[in-house]
Amino acid sequence: MPTNILLGKFILLCDLLWGDNAKGSVALRLAKFLKKNGLTVKWAIKPNGGGNSGHSYRNDQGIFCKSHNMPLAVFDPDITAIIGAGTVVDLEKLQIEMNTLAEQGVAVERTRIDCRAQIILPIYKTVEQALEELKGKQSIGTTANAIGPTYAMQAFRFGPTFNDLLDTRKRAEQKVKMAYELANAFLNGCNLPEEEFDLDLILERAEGLSSHVCNTLELFEQIRKDGEIGIIEPGQGLLLDRIFGTYPFVTSSLTTPGGLLGHAGLSLQDIAFTLGIAKFYTTRVGSGPFPGEDLDLFGKQIRKNGDEYGVTTKRPRRCGPIDYVLLRHALRMARPDIIAFTKLDALDDLEEIPVVHDWDLDGMITEFPPADTQRWYDCKTRTDSMPGWQQATGQCETMGDLPKNAQEYIRRIKEDWFELKLYGTQIGMVTVGEKLDQMIVLDALRKKLGL
Ligand code: IMP
């Protein structure tokens, strides 16, 4: 009997830039496309981060659907969410989100949460606020979900996990107490009042989620044996990686493909292929260097056309043109097999489309960003522009359907972004509208999907 190459494997999604490139919607699009071709995606794992992620899409009924702690792919009725071992969980927020999703008809009762996931304790939020204040002008502009302090507590080996909270009360109390002692020592140092914890409330919240808590390594074993298909739907993007991102203006988890697998507890052997995701332009939320940021007309127009406002923080996203320097950097780090480019339609009404081809650092032209991200502030982008197409692309189903100038824009990306050829990465998907079917699927992706 012929078998598909995806069976028993996960497709690894990886945002190539600063996040917000529509990973969640790509996960849903992939699942829907596979379903049409007779294959069911059963699992979506969120490997890293927590409520700092914001994923959204508009469903076929025009309803705006969103998720933070949960992968967006759970809006597909065949998909069950896995909150991975490398995530950080705000017990209250996750429960509220699951309740809201349940009201929207999502089968959240099937959700699995790894017992090793770190618990975000209430005091960590005060710590994060104090840290941001300490940094003053250098503050990161975090999403205020205490992601950093929680990963820090894990690195200190002070942070409690579900394992700790769901064992004896004595063990839970000891672990929470230790975490509060350390966090309070920090607050004391900042001349802030100490905080107390309400163990009953913390345990009640943990208990509320306990039926979902499991050892995901056993679950993965079952998925492999049963030949089921999964998608890894991470939070954030490569440029927010704690090591290789625009440090220190980064998140606290690892967002490179290797890092994501480490967070998930999956191995290279579990991956069918890596699908990199970028928009046809660049956005970033929060502070930190962004050489291609366009504060003028293009930036404003693209923010409006692409509705570029944070799902988690509602902050307007900083916008700029597509940037080959960032994309080359991303390709070196992530080496995706396939790339999905999203939101072509946001460029539809533009007369001219700028493209950043390299950066100028003190008179030196550079095709790759400096390793010291502080130097990014000194870089000036060098830009070309291309004529727009000023025509709607939302109905296009093949590359041939696209207006000539849009085809030319994509062709130029393939030609000019030379790393694509070097690494054999191919463009496999172009999205042209918010509906899940509004996309062009190219042969390179079909092949990777075994279709
Ligand atoms: P944190 O992850 O809340 O600690 O925030 C650290 C930085 O990452 C801030 O600049 C945030 O704006 C950014 N960030 C965190 N999560 C996301 C995301 O899902 N999309 C885009 N930016 C994010």
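This text follows the structure it describes.
Since this is a predicted model, take the numbers as computed values, not measurements.

Moving on, we come to the pattern of salt bridges. With the rule as written, the count across this model stands at 30 salt bridges. The closest approach of N and O atoms between Asp164 and Arg171, which form a salt bridge, is 3.0 Å. Asp443 serves as the salt-bridge partner of Arg446, at 3.8 Å between the closest nitrogen and oxygen. On the criterion of helical spacing, the pair formed by Arg446 and Asp443 is a turn pair, its members being three residues apart in helix α14 (residues 443-448). Here the salt bridges share partners, and the residues they tie into one network are Asp20, Lys279, Glu308, Arg317 and Lys343.

Next up on the list: empty space enclosed by the protein. One simple way to see leftover space: roll a probe sized like a water molecule over the atoms. In this structure the tally under the stated criterion is one cavity of 30 Å³ or more. The calculated volume of the largest cavity comes to roughly 30 Å³. Lining the largest cavity, in full, are Lys46, Gly49, Gly50, Asn69, Ile83, Thr87, Val88, Val89 and Leu94. Among the residues forming the lining of the largest cavity, the class breakdown is four nonpolar, four polar and one charged.

Burial along strand β5 (residues 80-83) is two-sided: the face carrying Thr80 and Ile82 and the face carrying Ala81 and Ile83 are both buried. Pairing analysis gives four bridges linking strand β2 (residues 41-46) to β5, with the strands arranged parallel. Across the sheet, Lys46 pairs through a bridge with Ile83, a residue of β5.

Further remarks concern the site of the ligand. Every one of the 16 residues lining the ligand counts as a neighbour, but Asn52, Thr143, Gln236, Thr251 and Arg315 are closest to it. Here an oxygen atom of the ligand sits 2.9 Å away from a polar atom, N or O, in the side chain of Asn52. Between an oxygen atom of the ligand and a side-chain N or O atom of Thr251, the distance comes to 2.6 Å. Calculation on the ligand without its partners gives an accessible area of 470 Å², and the protein chains cover 97% of this total.

With that settled, the discussion passes to the sheet that holds strand β19 (residues 439-441). Ordered by their spatial adjacency, 10 strands build an open sheet running β9-β7-β5-β2-β10-β1-β11-β14-β18-β19, and the pairing between neighbours is mixed. Whereas interior strands pair on both sides, the edge strands pair on one side only; in this sheet they are β9 (213-214) and β19. Bridge analysis of β5 against strand β7 (residues 112-114) gives two bridges, and the strand direction is parallel. Note on β7: the bridge partner recorded for Ile83 is Ile113. Across the sheet, helix α8 (residues 216-226) is in contact with β1 (10-15), β2, β5, β7 and β9; its angle to β5 comes to roughly 140°. Its contacts with the sheet put helix α9 (residues 257-264) on β1, β2, β10 (229-232) and β11 (271-279), and the angle it makes with β1 is roughly 125°.

For the coordinates displayed, the defined rule picks out nine aromatic pairs. Here Phe10 and Phe220 contribute two aromatic rings whose centre-to-centre distance is 5.9 Å and whose plane-to-plane angle is 80°, an arrangement assigned as edge-to-face. Of the two residues, Phe10 sits in strand β1 while Phe220 sits in helix α8, which places them 210 residues apart along the sequence. Phe220 carries the same exposure label as Phe10, and that label is buried. Summarising the aromatic geometry, the rings of Trp389 and Tyr409 are spaced 5.8 Å apart at their centres and angled 45° between planes, so their arrangement reads as tilted. Within this pair, whereas Trp389 is found in the loop between β17 (379-387) and α12 (404-416), its partner Tyr409 is found in helix α12, the two being separated by 20 residues in sequence.

This part takes up the nonpolar core. Counting 52 residues, the largest nonpolar core has Phe341, Leu344, Leu347 and Tyr409 as its most contacted members. Counting only elements with at least two residues in this core, the list comes to α10 (297-305), β13 (318-323), α11 (324-334), β14 (338-342), β15 (352-361), β17, α12 and β18 (426-431). Broken down by element, the residue count for this core peaks at eight residues, all from α11. Residues in contact with Phe341, not counting those within four places in the same chain, are Ala278, Lys279, Phe280, Ile322, Leu327, Ile413, Trp417, Ile427, Met429, Val430 and Thr431. Counting residues in hydrophobic clusters, the runner-up holds 45 residues, among them Leu28, Met70, Ala81 and Phe162.

Rules and cut-offs
- Residue positions are given per chain, counting from 1 as you read along its sequence in written order.
- In view of the model being predicted, local features appear only for residues whose pLDDT reaches at least 70, and side-chain atom pairs are presented and counted only at 80 or more, with totals across whole chains, interfaces and linings using the full set of residues.
- To obtain the side-chain values, all non-hydrogen atoms of the structure were included, while hydrogens and water were left out.
- Here, a salt bridge means any Lys or Arg side-chain nitrogen found within 4 Å of an Asp or Glu carboxyl oxygen.
- For the purposes of this entry, the term helix denotes a DSSP run of H or I that reaches at least four residues, the term strand denotes a run of E that reaches at least two, and both are numbered from the N terminus.
- The method works on a 1 Å grid over the protein atoms by themselves. A cavity is a set of points holding a 1.4 Å probe that cannot get out, a pocket is an open set with protein on both sides within 12 Å along at least five of seven lines, and residues with an atom within 4 Å of a point line them.
- Grid points are joined across faces, edges and corners, and a volume is the space filled by probe spheres set on the points.
- Classes in brief: Ala, Val, Leu, Ile, Met, Phe, Trp, Tyr, Cys and Pro nonpolar; Asp, Glu, Lys and Arg charged; the others, Gly included, polar.
- Only protein chains enter the area calculation, which uses a 1.4 Å probe; residues under 20% of their type maximum are buried, those over 50% are exposed, and those in between are partly exposed.
- Each pair of strands is called paired provided DSSP finds at least two bridges between the two strands.
- Working definition: residue near molecule or strand if any one of its non-hydrogen atoms lies within 4 Å of it.
- Pairs of N or O atoms are called polar contacts if they sit within 3.5 Å, as long as, within protein, a hydrogen donor faces a hydrogen acceptor (for residues adjacent in sequence, only side-chain-to-side-chain pairs).
- Under the convention used here, a 1.4 Å probe and the Shrake-Rupley method define accessible areas, while residue burial counts only the protein chains that appear.
- Contacts between residues were defined by any pair of non-hydrogen atoms, one from each residue, lying within 4.5 Å.
- Fitting a line to C-alpha atoms yields each axis, with helices limited to the stretch in contact; the angle taken between N-to-C directions then spans 0 to 180 degrees.
- Centres within 6.5 Å are what make two rings of Phe, Tyr or Trp a pair, Trp counting through its six-membered ring; a difference in plane orientation under 30 degrees is then read as stacked, over 60 as edge-to-face, and the rest as tilted.
- For this analysis, a nonpolar core means a set of buried residues of the types Ala, Val, Leu, Ile, Met, Phe, Trp, Tyr and Cys, connected via side-chain atoms within 4.5 Å.

Shape is all these values report; function is a separate question.
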